[in-house]
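# Structural overview
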Amino acid sequence: RPRDARAGKQVYLGGFDSEDQAALAYDVAAVKCRGDDAATNFDMENYRQELAALDAIEKDELVLSLRRQSKGFLKGSSKFRGV
């Protein structure tokens with residue numbers, strides 16, 4: 001789970017249907033919390049456009065958006081979590 005650098009807390013992002021979806025959610029949240037130097041699962045160039053929009057979004061808004069996009073968050077049935 002990405003950590004909020006300011007608070008030192010883990011942030012739950014929801015459950016996802018695939019490892020790739022969970023990894024992407026983690027990467028976006030990690031970059032928002034830690035900046036461009038965050039350790040990520042994928043090369044950040046693969047989704048640079050999405051990351052450019054992060055400056056306009058508050059961290060809490062991003063987390064809520066990722067949770068809404070996660071399929072397992074409501075069902076509780078996902079095998080993969082954005083950890």
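For the structure itself, look to the data block above.
Below is a summary of the structure that appears in this document. (Residues numbered from 1 in each chain as written. Predicted model: local features only at pLDDT ≥ 70, side-chain atom pairs only at ≥ 80, totals over all residues. Heavy atoms only, no water.)

Formed by 18 residues in total, the largest nonpolar core has its most connected members in Leu13, Val28, Val31, Leu51, Leu54 and Leu66. Of all elements in the fold, only helix H1 (19–34) and helix H3 (59–69) reach the threshold of two or more residues within this core. Looking at which element gives the most residues to this core, the answer is H1, with 7 residues. When near neighbours in sequence (up to four residues on either side) are disregarded, leucine 54 contacts Val28, Val31, Lys32 and Leu62. (Core = buried A, V, L, I, M, F, W, Y, C linked by side-chain atoms within 4.5 Å. Buried < 20%, exposed > 50% of the residue type's maximum accessible area, 1.4 Å probe, protein only. Helix = DSSP H or I, 4+ residues; strand = E, 2+ residues; numbered from the N terminus. Contact = heavy atoms within 4.5 Å.)

This paragraph deals with the environment of leucine 66. Counting through the fold element by element, leucine 66 comes out in helix H3. It is 9.2 Å that separates the C-alpha atoms of leucine 66 and valine 28, two residues lying 38 residues apart in sequence. When residues no more than four places from it in sequence are discounted, the contact partners of leucine 66 are Leu13, Phe16, Ala25 and Ala29.

What follows covers H3. Taken together, the buried positions of H3 are Lys59, Leu62, Val63 and Leu66. An end-on view of H3 places all buried positions within 100 degrees of arc, on one side of the element. Along H3, exposed side chains directed more than 90 degrees from the buried face belong to Asp60 and Arg68. (Arc of directions from axis to C-beta.)

Moving on: the environment of leucine 24. Within the secondary structure, leucine 24 sits in helix H1. Overall, leucine 24 belongs to the partly exposed group, its relative accessible area being 36%. The spacing of leucine 24 and threonine 40 is 16 residues in sequence and 8.6 Å in space, taken between C-alpha atoms. Ignoring sequence-local partners within four residues, the contact set of leucine 24 consists of Phe42 and Tyr47.

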